[in-house]
Amino acid sequence: MGLALLLGVFGGCVVIGIPVAFAMGVAAAAAFWYEGFPLLITFQRSVSGISVFSLLAIPFFVFAGELMLHGGIAARLVRFASALVGHIRGGLASVNIFSSMLFGGISGSAVADISALGSILIPVMKERGYRPDYAVNVTVTSSIAGIVIPPSHNMIIFAVAAGGGLSISQLFLAGVLPGILMCICLAVAAYIIAIKHNYPAEQFPGWGEVARTSLAAIPGLVTAVIIVGGVLSGIFTVTESGAFGAIYALLLTFFVYRTLDWNGFKTAVVQAVRTTAMVMVLIGFASSFAYLLALYQVPEKLGDFMLGISESKFAILLMINLMLLVLGMIMDMAALILICTPIFLPIVKSLGMEPEQFGIMLLVNLGLGLCTPPVGTCLFVGCAVGRIRIEETLKSIWPFYLAILFALILVTYVPAVSLFLPSLLG
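If you're wondering where the values come from, they're calculated on a predicted model, not measured in any experiment. (Residues numbered from 1 in each chain as written. Predicted model: local features only at pLDDT ≥ 70, side-chain atom pairs only at ≥ 80, totals over all residues. Heavy atoms only, no water.)

Below, the discussion takes up the layout of surface pockets. The computed volume of the largest pocket comes to approximately 1,000 Å³. Taken together, 36 residues line the largest pocket, and the ones lying closest to its centre are Val-111, Thr-275, Met-278, Asp-332 and Thr-377. Those elements giving two or more residues to the lining of the largest pocket turn out to be helix H2 (20-35), helix H4 (57-70), helix H7 (110-127), helix H10 (153-161), helix H14 (262-295) and helix H17 (333-350). If you tally residues by element for the lining of the largest pocket, the top one is H14, at eight residues. Shared between two domains, the lining of the largest pocket holds at least three residues of each, these being domain 1 (1-10 + 19-51 + 281-296) and domain 2 (53-260 + 299-425). The computed volume of the second largest pocket comes to approximately 340 Å³. As for the second largest pocket, its lining consists of 16 residues, of which Leu-7, Phe-289, Leu-327, Ile-339 and Ile-343 are closest to the centre. When residues of the lining of the second largest pocket are traced back to their parent elements, those giving at least two are helix H1 (2-15), H14, helix H15 (298-309), helix H16 (313-330) and H17. A total of five residues in the lining of the second largest pocket trace back to one element, the largest contributor, which is H17. (1 Å grid on protein atoms, 1.4 Å probe; cavity = no way out; pocket = protein on both sides within 12 Å on 5 of 7 lines; lining within 4 Å. Points joined across faces, edges and corners; volume = space filled by probe spheres on them. Helix = DSSP H or I, 4+ residues; strand = E, 2+ residues; numbered from the N terminus. Domains from an automatic or database assignment.)

Put into structure tokens, the structure is as follows:
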């Protein structure tokens, strides 16, 4: 009855439109009340959930990404990507995907990726004769790279949800190859569609232009090098690397590029505070919710249920992926990371899967949910930027879905895709 009350109250709150974070808090309070615990326990568990030192990295990561978004870094990355890969058939689509890979590694946010790059590239693609739905689909699906390629605050959320014993540097390394692989799959899909519709290729500007645009883009890319390199080398902790990354991004955009004005700085601060507050509230209430799931032995019961259906590792991982795909369509990504990690991680560990591999599988899977209605945050933002109805994009987005699903299958069933770099660099 306690578990039924917990899930029932949570589901009811979500259905009537209460934000997921507060829905988890209300459900946890109801379950604690039913079990006879003081309601104060809900808030004690919530406070303990956010009293984790590594979580201090999240506001720094978010702030650095906002500074990059409002400081003109995206335009320089687009020019570099255009000079390098724009001459391929459907060149602007390749530019879009390659720019997402670069900018995503700096901002760590799919929505920031769409907002920054989409506002630049979608209008240009439409002017050059690309169909609006094609331009939006490329932008939306390639934005998932920001979730997988480090630095990503979602990786920190996963590490906390996994119990705090997971190395964030190893998780960063595990995301590099899957992120690149996913972008390659999307580029192949975009290229095939470009040939079918005879989309144009840009003129190659020469290696001199490639060198010039790369020099202009390199200072922005150094932000990711500071954050990721500082963690991997052991010079900084994750929190310290995020702080230094944010300071560098501020100095770069304000004093070197001189593209960040006072209004842009205030907007970056407000957006970073808002995002951080939402994430912290979500993590706090999710901690109480996850405590109750463990109290009711949900991971063990779900594992026994899956093993009762099949003992095959292939089948169990397939069932987990299908569950995550469905949940990703109806719930926010950060909330699902916090809810699903304590449930599914013990199951996959019993199957011999490393936590880092499961973390990347989870991020890629839930990233696909960001492109899928009815929640589909990235899809909504992309359609708003491209000024196109969601129904129009859904008719032609399926090749890009298949590309991401192919990358997800490789991440799920080929451990080396995620674990090669962590094992290589120790």
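The structure having been displayed, the exposition proceeds.
Overall, the coordinates contain 17 aromatic pairs when judged by the stated rule. A network of ring pairs unites the aromatic residues Tyr-130, Tyr-134, Tyr-199 and Phe-400 as a single cluster. Above the plane of the ring of Tyr-257 lies Arg-76, whose end atom (NZ or CZ) is 3.7 Å from the centre. (Phe/Tyr/Trp six-rings, centres within 6.5 Å; stacked < 30°, edge-to-face > 60°. Lys NZ or Arg CZ within 6 Å of the ring centre and 35° of its normal.)

Another point: the nonpolar core. Counting 148 residues, the largest nonpolar core has Phe-10, Met-24, Tyr-134, Ile-320, Phe-344 and Phe-358 as its most contacted members. If one sorts the elements of this core by residue count, H17 sits on top with 13 residues. Two domains each donate at least three residues to this core, and these are domain 1 (1-10 + 19-51 + 281-296) and domain 2 (53-260 + 299-425). Every residue in contact with Phe-344, bar those within four places of it in the chain, is listed here: Leu-302, Met-306, Ile-320, Met-323, Leu-324 and Phe-358. (Core = buried A, V, L, I, M, F, W, Y, C linked by side-chain atoms within 4.5 Å. Buried < 20%, exposed > 50% of the residue type's maximum accessible area, 1.4 Å probe, protein only. Contact = heavy atoms within 4.5 Å.)

Attention now moves to the domain arrangement of the protein chain. Domain annotation of the protein chain identifies domain 1 (1-10 + 19-51 + 281-296) and domain 2 (53-260 + 299-425). Between the C-alpha centres of domain 1 and domain 2 the distance comes to 30 Å. Each side of the interface is counted separately: domain 1 has 13 residues, and domain 2 has 14 residues. Regarding the contact of domain 1 and domain 2, the summed buried area is about 960 Å², with carbon and sulfur atoms giving 83% of it. Sorting the residues of domain 1 by area buried against domain 2 places Leu-282, Ile-283 and Leu-293 first, and these three jointly supply 41% of that buried surface. Inspection of the domain 1/domain 2 interface yields zero salt bridges. Our count for the domain 1 to domain 2 interface comes out at one residue pair in polar contact (both at pLDDT 80 or more). Residue contributions to the side of domain 1 that touches domain 2 peak at six residues, all from H14. Partitioned by chemical class, the residues of the side of domain 1 that touches domain 2 number 11 nonpolar, two polar and no charged. (Buried area = accessible area lost by both parts, 1.4 Å probe. Salt bridge = Lys/Arg side-chain N within 4 Å of Asp/Glu carboxyl O. Polar contact = N/O pair within 3.5 Å; in protein donor to acceptor, adjacent residues only side chain to side chain. Nonpolar A, V, L, I, M, F, W, Y, C, P; charged D, E, K, R; others polar.)

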